[in-house]
Protein chains: 2
Amino acid sequence: MQIIGKEQILDHVDLPAVLNDIENGFKAFASGKAQVAPVTHLGFDTSNGECHIKCAHVDGDEVFTVKLATGFYDNPAKGMSSSNGFMAVISAEHGTPLAILQDEGVLTDLRTALAGVLATRLGARSSAKTIGILGSGIQGHLQAKLICELLGYKSVVIWGRDDEKTASLIEVLRSELPDVDVAQAETPSELCEKADVIVTTTPSKAPLIEAEWVRPGTHIVAVGADSPGKQEIDEQLFARASQIFVDSPSQCIEHGETTNALQAKVIAESDLTPLGEALLNGAKPRSDDDITIADLTGVAVQDAAIAKSVWLNMEQRSK
Amino acid sequence: MQIIGKEQILDHVDLPAVLNDIENGFKAFASGKAQVAPVTHLGFDTSNGECHIKCAHVDGDEVFTVKLATGFYDNPAKGMSSSNGFMAVISAEHGTPLAILQDEGVLTDLRTALAGVLATRLGARSSAKTIGILGSGIQGHLQAKLICELLGYKSVVIWGRDDEKTASLIEVLRSELPDVDVAQAETPSELCEKADVIVTTTPSKAPLIEAEWVRPGTHIVAVGADSPGKQEIDEQLFARASQIFVDSPSQCIEHGETTNALQAKVIAESDLTPLGEALLNGAKPRSDDDITIADLTGVAVQDAAIAKSVWLNMEQRSK
């Protein structure tokens, strides 16, 4: 067993291959061909911290993954990052722990963004041209970059609460994606006017996007709401959606963007389509005027897929 | 974060200190001052393997522990050990993973044996002189050795199914404990005749000890039955017990030695005393003729206690 650091991990991430592995992970999850253990949670009140442990194995994979993620929210005041953890890669053939990927959260960031890429490819109308990003943090950055790189979009518009941070992200993206047009939206409603696909990536606890701002034909990929109490989109928008994809039905019902729409009885659970099922069988045909939503809360098969890919690449190269 | 190997781990185990820590762990567990997460289980049918993940934190401890243990039962045929895994030690103050204790199972063996020491000290009558060990495996060895070393017993009698293995264990114990009388019992019933405390450590799935063999005054520490289907003791013995200690009520009800007695309606759940509660408040007074039973299935607070102790000793010595 060895500990692998962030730089070495990043050196072994093959994004198109991981995208494919994550797609297969979602398909396996939706068809009962993956084990995803219930999430374990420990809380640390006196230090304002928590720990989540997520485990998954996709049938047939030579390894499985146990991810430990901590969030200690008083750390920044002590000059430390609030998040930490690792992914352990273990042989599914003989139980030997093979590696500790001490990724500093970068693999979780990447697998989250790659689910956004899959959800965009699945749900966006074929004439969609502009990606709108709500939020200027790590996910805003990665979603914009990877959707353009992997799906060939040439136009991005970004809204962020913090103007300076947004301007700085736009500069970074312009240098990373020289042939992509990157612009700033002054308001969330301007973002809705300009974008064909909107990826929401903020930790907001109140809707930032009103239902009536969203134009016909828009595909929404909701990434930010991943725990109870979070909300980025007016739940009334769900009433206008012709199709709603959910990465994990149970999680999205319990603590995703979908939760708010279900609680307000705008939709019913029967309106939800598991993402993996749609990836397996194809999404329902959509018109250019349909609004569609994908709600992503993060599933351990994504961790299993990216950790396996990194580990196998390391094994391959060391031969 | 660093990976610590077995030799270095053993070099930092201070048994009396760990005994004390495990006792405090049980007390915290019984009084709601420890977090013990539900055990996570993954199964690997095609390779006849499984993985358990156990996590615990005792309130106030600076670290918490996540233990990953695998059992792949076709490994021995491939020349590999069936069990593997590690304990991760993580800061409960800022969430940073501090160490991976790659103990090859030795910490689990030790914390299991130390619970036997605690249960012996708690339940044995004061005039008890001879420890009887049922089974000649690692637990049989450790229970005999640690009970004598830590509690001062001077007489051990051992029964094992495999005569050669038993003879070899007796030889090892005689050399490790030169002032202790170590003898072999030819049968389990002879063991019952000679022992005042009986520690059962086999993986048996049918009773090896009949109820009528057990003499008045005997204290039984049942260690072997830790998963569904295991049984070492005739469940009718529970009817003769004046006190029954359980390390974890829910586990012992579900898959300990106690399970069989409950299912046969020999006892009721209200007859069980949590081990930690008895350690906190003292066991009920016992006469020299009372039979008592302690059922041990293994609780994650034991892992947290031993891993914390090793880690703090390493920190201390590196200063």
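Located above this text is the structure these notes cover.
Residues numbered from 1 in each chain as written. Chains lettered and ligands numbered in written order. Predicted model: local features only at pLDDT ≥ 70, side-chain atom pairs only at ≥ 80, totals over all residues. Heavy atoms only, no water.

A. Highlighting the overall build of chain A. Counting its regular elements, chain A contains 11 helices and 15 strands. In terms of overall dimensions, chain A has C-alpha extents of about 55 × 45 × 40 Å along its principal axes. Relative to its 319 residues, chain A shows a buried fraction of 58%. Surface summary for chain A: the accessible area is close to 12700 Å², and the carbon and sulfur share equals 47%. Here chain A contributes 26 positively and 45 negatively charged side chains, and the mean placements of these two sets differ by 3 Å. (Helix = DSSP H or I, 4+ residues; strand = E, 2+ residues; numbered from the N terminus. Buried < 20%, exposed > 50% of the residue type's maximum accessible area, 1.4 Å probe, protein only. Areas by Shrake-Rupley, 256 points an atom, 1.4 Å probe, with all protein chains shown as cover. Lys, Arg positive; Asp, Glu negative; His and termini not counted. Charge placed at Lys NZ, Arg CZ, Asp CG, Glu CD.)

B. Representation of helix α4 (residues 138-151) of chain A. Residue and element names in this part refer to chain A. Relative to the 20 Å expected for 14 residues at 1.5 Å per residue, α4 spans 19 Å between its end C-alpha atoms, a close match to the ideal helical length. All of the buried residues along α4 are Gln 139, Gly 140, Leu 142, Gln 143, Ala 144, Lys 145, Leu 146, Ile 147 and Cys 148. For α4, the secondary structure elements touched by its buried residues are α2 (15-30), α3 (106-123), β8 (130-134), β9 (155-159), α5 (163-176) and β11 (197-200). The positive-phi residue at the C-terminal boundary of α4 is Gly 152, with phi of around 80 degrees. (Expected span 1.5 Å × (residues − 1). Contact = heavy atoms within 4.5 Å.)

C. A look at the sheet that holds β9 of chain A. Residues and elements named next belong to chain A. Spatially, the eight strands line up as an open sheet ordered β10-β9-β8-β11-β12-β15-β13-β14, and their pairing is parallel. Unpaired on one side and paired on the other, β10 (181-184) and β14 (272-274) mark the two borders of the sheet. Pairs of neighbouring strands in the sheet enclose a mean axial angle of 20 degrees, with direction left out of account. Sheet topology places strand β13 (residues 241-246) next to β14; three bridges connect them, and they run parallel. (Pairing = 2+ DSSP bridges. Axes fitted to C-alpha atoms, helices over the stretch in contact; angles between N-to-C directions.)

D. Just the pattern of salt bridges, in detail. Residue and element names in this part refer to chain A. Under the criterion given, the structure shown has 24 salt bridges over all chains. The shortest N-O distance in the salt bridge between Lys 67 and Asp 303 comes to 3.0 Å. Of this pair, Lys 67 sits in strand β5 (residues 63-72) while Asp 303 sits in helix α11 (residues 300-318), and the two are 236 residues apart along the sequence. Given a relative accessible area of 6%, Lys 67 falls into the buried group. Overall, the relative accessible area of 1% leaves Asp 303 in the buried class. Among the charged side chains, a salt-bridge network with shared partners connects Glu 23, Lys 27 and Arg 121. (Salt bridge = Lys/Arg side-chain N within 4 Å of Asp/Glu carboxyl O.)

E. Structural view of the packing of helix α4 (residues 138-151) of chain B against helix α5 (residues 163-176) of chain B. Residue and element names in this part refer to chain B. Contact pair α4 / α5: the axes reach a minimum separation of 11 Å and the direction vectors enclose 25 degrees. Between α4 and α5, the interaxial angle falls into the category roughly parallel. For the pair α4 and α5, the sense of crossing is right-handed. Judged by residue contacts, Gly 140, His 141, Ala 144 and Lys 145 of α4 engage Leu 169, Val 172, Leu 173 and Glu 176 from α5. Its residues placed into classes, the contact of α4 with α5 shows four nonpolar, two polar and two charged. (Parallel < 35°, antiparallel > 145°, perpendicular 65-115°, else oblique. Left-handed = near helix turned anticlockwise from the far one by under 90°. Nonpolar A, V, L, I, M, F, W, Y, C, P; charged D, E, K, R; others polar.)

F. Structural view of the environment of Gly 71 of chain B. Residue and element names in this part refer to chain B. Here Gly 71 lies in strand β5 (residues 63-72). By relative accessible area, which is 6% here, Gly 71 ends up buried. If sequence neighbours within four positions are ignored, Gly 71 has contacts with Asn 48, Gly 49, Glu 50 and Ser 82.

Limitation: the analysis is restricted to geometry and does not speak to function.
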